[in-house]
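Chain and residue survey
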Amino acid sequence: MTDQTQAALEALFNLAEQAAENAYAPYSKFRVGAALRLSSGEIVTGTNVENVSFGLTICAERAAVVRAVSQFGPKIRIEAVAVANLNDRPSPPCGACRQVLAEFIEPDAPVVFSAAEGKCAMAFSELLPLGFEMKLK
Ligand code: ZN
C-alpha cells in the first residue's frame, strides 16, 4: 500500500471511530462505527443501532450503506471501508454486512478494521471470496 493510501485509510478509520460515539448499543455495549469512501469522494458513516428485539439490530456497516444509497442514489460505488469500535475488540464486518457491501463495493477495495492487535487491512475480495450472486437471464 502506498503511504497516501495508508494515510487515507487511517483518516477513514478515525471517522469510523468518531461514528462509533453515536452508537445505540444499550444491550451489547459494543459500540461500532463504519466509514465508507465512495468513488465520488464522498465519505459516509454509520453506527450500530440495536433493538430490544435483537434480530432487528443493524450493524454500523449496513447503516452506512443504507445511508449512502439514501443520500447519493443507487449507483454508488464503495472504494474503501473502515470499521472501528470503542471496545478495543476485533471487529471485522460480519457475514451479513459483507454480503450487503458486496452489492456496491469494488472487489479490490481495501477494508480496514480493528484486529486482535491493532488494525488489519485487506481487499474486500479476500473478506468475501464466494459471495452470493444472482445472474439474471
Ligand atoms: Zn454486520
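Cut-offs applied
Residues numbered from 1 in each chain as written. Predicted model: local features only at pLDDT ≥ 70, side-chain atom pairs only at ≥ 80, totals over all residues. Heavy atoms only, no water. Pairing = 2+ DSSP bridges. Helix = DSSP H or I, 4+ residues; strand = E, 2+ residues; numbered from the N terminus. Axes fitted to C-alpha atoms, helices over the stretch in contact; angles between N-to-C directions. Contact = heavy atoms within 4.5 Å. Donors = N, O, S within 2.8 Å, 3.2 Å for Na, K, Ca; no water. Buried < 20%, exposed > 50% of the residue type's maximum accessible area, 1.4 Å probe, protein only. Arc of directions from axis to C-beta. Parallel < 35°, antiparallel > 145°, perpendicular 65-115°, else oblique. Left-handed = near helix turned anticlockwise from the far one by under 90°. Nonpolar A, V, L, I, M, F, W, Y, C, P; charged D, E, K, R; others polar. Phe/Tyr/Trp six-rings, centres within 6.5 Å; stacked < 30°, edge-to-face > 60°. Lys NZ or Arg CZ within 6 Å of the ring centre and 35° of its normal.

Turning our attention to the sheet that holds strand E2 (residues 43-47). With respect to topology, five strands assemble into an open sheet ordered E2-E1-E3-E4-E5, the strand pairing being mixed. Each end of this open sheet is capped by a strand with a single partner; those strands are E2 and strand E5 (119-123). The mean inter-strand angle of the sheet, taken between neighbouring strand axes irrespective of direction, is 15 degrees. Of the strand pairs in this sheet, strand E3 (residues 78-85) and strand E4 (residues 110-114) are connected by three bridges, and their pairing is parallel. If you follow Val81 over to E4, its bridge partner there is Val111. Relative to E2, helix H2 (residues 60-72) is tilted by about 135 degrees, and along the sheet it contacts strand E1 (32-38), E2 and E3.

Across five bridges, E4 lies against E5 in antiparallel orientation. Residue Pro110 lies in a different strand from E5, and its bridge partner there is Ala123. Hairpin connection, E4 to E5: the antiparallel pair is bridged by four residues, and Gly118 has positive phi, about 75 degrees.

With that settled, the discussion passes to the coordination of the zinc ion. Looking at the zinc ion, one finds its protein donor set to be Cys59 (SG), Cys94 (SG) and Cys97 (SG), positioned 2.3 Å from the metal centre. Read N to C, the donor residues that coordinate the zinc ion are spaced as C-x34-C-x2-C. Of this pair, Cys59 sits in the loop between E2 and H2 while Cys97 is found in helix H3 (residues 95-102), placing the two residues 38 residues apart along the sequence.

Looking at H3, one finds that the buried residues are Cys97, Arg98 and Leu101. The buried side chains of H3 occupy one side of the element, clustering within an arc of 105 degrees when seen end-on. Those residues of H3 hidden inside the fold are in contact with E1, H2, E3 and helix H4 (124-127).

On to the packing of H2 against H3, then. In the contact formed by H2 and H3, the axes pass within 9 Å of each other and the chain directions differ by 25 degrees. The orientation of H2 with respect to H3, classified from their angle, is roughly parallel. Here H2 and H3 pass one another in a crossing that is left-handed. The residues of H3 that touch H2, namely those facing Glu61, Arg62 and Val65, are Ala96, Cys97, Val100 and Leu101. Residue classes in the contact of H2 with H3 are distributed as five nonpolar, no polar and two charged.

With that out of the way, let us pick up the packing of aromatic side chains. Applying the stated rule across the entire model yields one aromatic pair. With a centroid separation of 5.7 Å and 50 degrees between ring planes, the pair formed by Tyr27 and Phe54 is classed as tilted. With Tyr27 in the loop between helix H1 (3-20) and E1 and Phe54 in the loop between E2 and H2, the pair connects residues that are 27 residues apart, well separated along the chain. Looking at Tyr27, the relative accessible area reads 39%, which means it is partly exposed. Relative accessible area serves as the criterion here: at 57%, Phe54 is assigned to the exposed category. One residue, Lys119, lies across the ring of Phe13, its end atom 4.8 Å from the ring centre.

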